[in-house]
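Coordinate analysis (summary)
Below, each chain spelled out in residue letters.
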Amino acid sequence: MKTIYSAIQPSGIMTLGNYIGAVNNWRTMQSDGDNKCIFALADLHTITVRQQPEQFNKNCWSFYALLLAVGLDPKKSIVYLQSHVKEHCELAWLLNCYTYVGEMNRMTQFKDKSAKHADNINMGLMDYPVLMAADILLYDTDLVPVGYDQLQHIEITRDIALRINNIYGDIFKVPDGFIPKVGAKIMSLQDPTSKMSKSDTNPNAVISCLDTPDVIMKKFKRAVTDSDTTIAYDPQNKAGISNLLGILAVAQGKTIEETLKDCEGFRYGDLKVRVGESVIEMLRPFQEEYNRLIEAKDYLTACAKEGAEKAREIAENTLKRFKEALGYIL
Ligand code: ATP
Ligand code: LTN
């Protein structure tokens, strides 16, 4: 049995990138009976960037409902909020003492976010990867499904775990990252050389999983492509078209090769409409379920509580193991 762990921040909107690159794969992994799956809302990570409390609270509810709407089943998987399990903060502190400032300084996301939020380069932003390492290591995780942008954080998690194991013996399971074959990096519709990101300020660049069909179609029709006319999968030279083909492949549940065959004879305009239609169809049941769940606050609360209890049980044990090895009186 493999333990799968991943998390998403309840910030901004859930994008098509998050859906394809992350949460939809989580659902697939959940359906493999050999996996023990644990998924979190990384709400402690979110305040590394200043949040407005009312909006943040709304986002937490919304993202929790989104996770269930995707098909994460609280009976099969543990689906919880990071802030409900205090062990995350405690382990993060302990791991901090085994992590070097130089390592954190080199993290790409830290550099990017520091540039973006130059007026608020707080310690949490710098410490973000250590809290993420705590998330992962608390659950004896084997695999961490994430998009490309998070691989560096998985690497540092492995480094920290190995460092501690070298000193104290076998304390932590050393996890591996898991990148989906297609869709690990969905690109912006307006600048296909950069990733589709929750925090993009241009709404046309990003599909929200909750966009209406009209809006989705409009955004795809406006997607930036190139001045050529051939439909080919070549992310280096034809970033825009390749991005659309990647999205279409996932939305139809096909390979890139099969998708290219389907699109024979298409002009760019035809491809955009086909992608739009497929994404609308892919998201329809999910949006319906979301609309139902977001009204069911009692149900969401009960699921989150149950999830936190199950998570805490595992987290407590791991933390105890480490504290014992460190010499703490328990
Ligand atoms: P931000 O705008 O703050 O960078 P984000 O859009 O990257 O946020 P996260 O909450 O950081 O969203 O990411 C959640 C998960 O979604 C991660 O596993 C991440 O790798 C994945 N992910 C995010 N954007 C994409 C994308 N464009 N393509 C594929 N996967 C993505
Ligand atoms: N930093 C991640 C979210 C995250 C995460 C985790 C992902 C927080 N803790 C543990 C995997 C495992 C992001 O996607 N931005």
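See the structure shown above.
Residues numbered from 1 in each chain as written. Chains lettered and ligands numbered in written order. Predicted model: local features only at pLDDT ≥ 70, side-chain atom pairs only at ≥ 80, totals over all residues. Heavy atoms only, no water.

Notes on helix α3 (residues 53-70)
Taking 1.5 Å of rise per residue, the 18 residues of α3 would be expected to cover 26 Å, and the 26 Å separating its terminal C-alpha atoms lies within 8% of that figure. Regarding α3, the residues found buried are Phe-56, Asn-59, Cys-60, Ser-62, Phe-63, Tyr-64, Ala-65, Leu-66, Leu-67, Leu-68, Ala-69 and Val-70. Looking one or two residues past α3, Gly-71 carries a phi angle of roughly 125 degrees, positive in sign. (Helix = DSSP H or I, 4+ residues; strand = E, 2+ residues; numbered from the N terminus. Expected span 1.5 Å × (residues − 1). Buried < 20%, exposed > 50% of the residue type's maximum accessible area, 1.4 Å probe, protein only.)

With respect to the side chain of Lys-323
Within the secondary structure, Lys-323 is located in helix α13 (residues 297-326). At 2.6 Å, the side chain of Lys-323 and the side chain of Glu-90 are in polar contact. Here Lys-323 is in contact with Glu-90, Leu-94, Tyr-328 and Leu-330, once residues within four sequence places are set aside. (Polar contact = N/O pair within 3.5 Å; in protein donor to acceptor, adjacent residues only side chain to side chain. Contact = heavy atoms within 4.5 Å.)

Quick notes on the packing of aromatic side chains
Scanning the entire structure with this criterion turns up 8 aromatic pairs. Aromatic rings pair up to connect Tyr-98, Tyr-168, Phe-172 and Phe-322 into one cluster. Over the face of the ring belonging to Trp-61 we find Lys-297, whose NZ or CZ atom lies 5.1 Å from the ring centre. Looking at Lys-323, its charged tip hangs above the ring of Tyr-328, at a distance of 5.8 Å from the centre. (Phe/Tyr/Trp six-rings, centres within 6.5 Å; stacked < 30°, edge-to-face > 60°. Lys NZ or Arg CZ within 6 Å of the ring centre and 35° of its normal.)

Quick look at the packing of helix α10 (residues 239-252) against helix α12 (residues 268-293)
Where α10 contacts α12, the two axes come as close as 9 Å, and the packing angle between them is 35 degrees. Here α10 runs over α12; the crossing is left-handed. Residues Ile-241, Leu-244, Leu-245, Ile-247, Leu-248, Ala-251 and Gln-252 of α10 pack against Tyr-268, Leu-271, Lys-272, Arg-274, Val-275, Ser-278, Val-279 and Met-282 of α12. Considered class by class, the residues forming the contact of α10 with α12 number 11 nonpolar, 2 polar and 2 charged. (Axes fitted to C-alpha atoms, helices over the stretch in contact; angles between N-to-C directions. Left-handed = near helix turned anticlockwise from the far one by under 90°. Nonpolar A, V, L, I, M, F, W, Y, C, P; charged D, E, K, R; others polar.)

Comments concerning the pattern of salt bridges
Overall, the coordinates contain 16 salt bridges when judged by the stated rule. In this structure, Glu-103 engages Arg-163 in a salt bridge whose closest nitrogen and oxygen atoms are separated by 2.5 Å. Of the two residues, Glu-103 sits in helix α5 (residues 101-105) while Arg-163 sits in helix α8 (residues 151-168), which places them 60 residues apart along the sequence. The class of Glu-103 is buried, set by a relative accessible area of 8%. Of the charged contacts in the structure, one is a salt bridge between Asp-226 and Lys-238, with a shortest N-O distance of 3.3 Å. Placement of the pair is Asp-226 in the loop between α9 (213-221) and α10 and Lys-238 in the loop between α9 and α10, with a sequence separation of 12 residues. (Salt bridge = Lys/Arg side-chain N within 4 Å of Asp/Glu carboxyl O.)

Examining the site of ligand 1
Close to ligand 1 lie 20 residues, the nearest being Asp-149, Lys-195, Ser-197, Lys-198 and Ser-199. Backbone polar atom of Met-196 to a nitrogen atom of ligand 1: 2.9 Å apart, as the coordinates give it. A total of 4 residues in the shell around ligand 1 trace back to one element, the largest contributor, which is helix α1 (residues 16-30). A per-class count over the shell around ligand 1 returns 6 nonpolar, 9 polar and 5 charged. (Near = heavy atom within 4 Å.)

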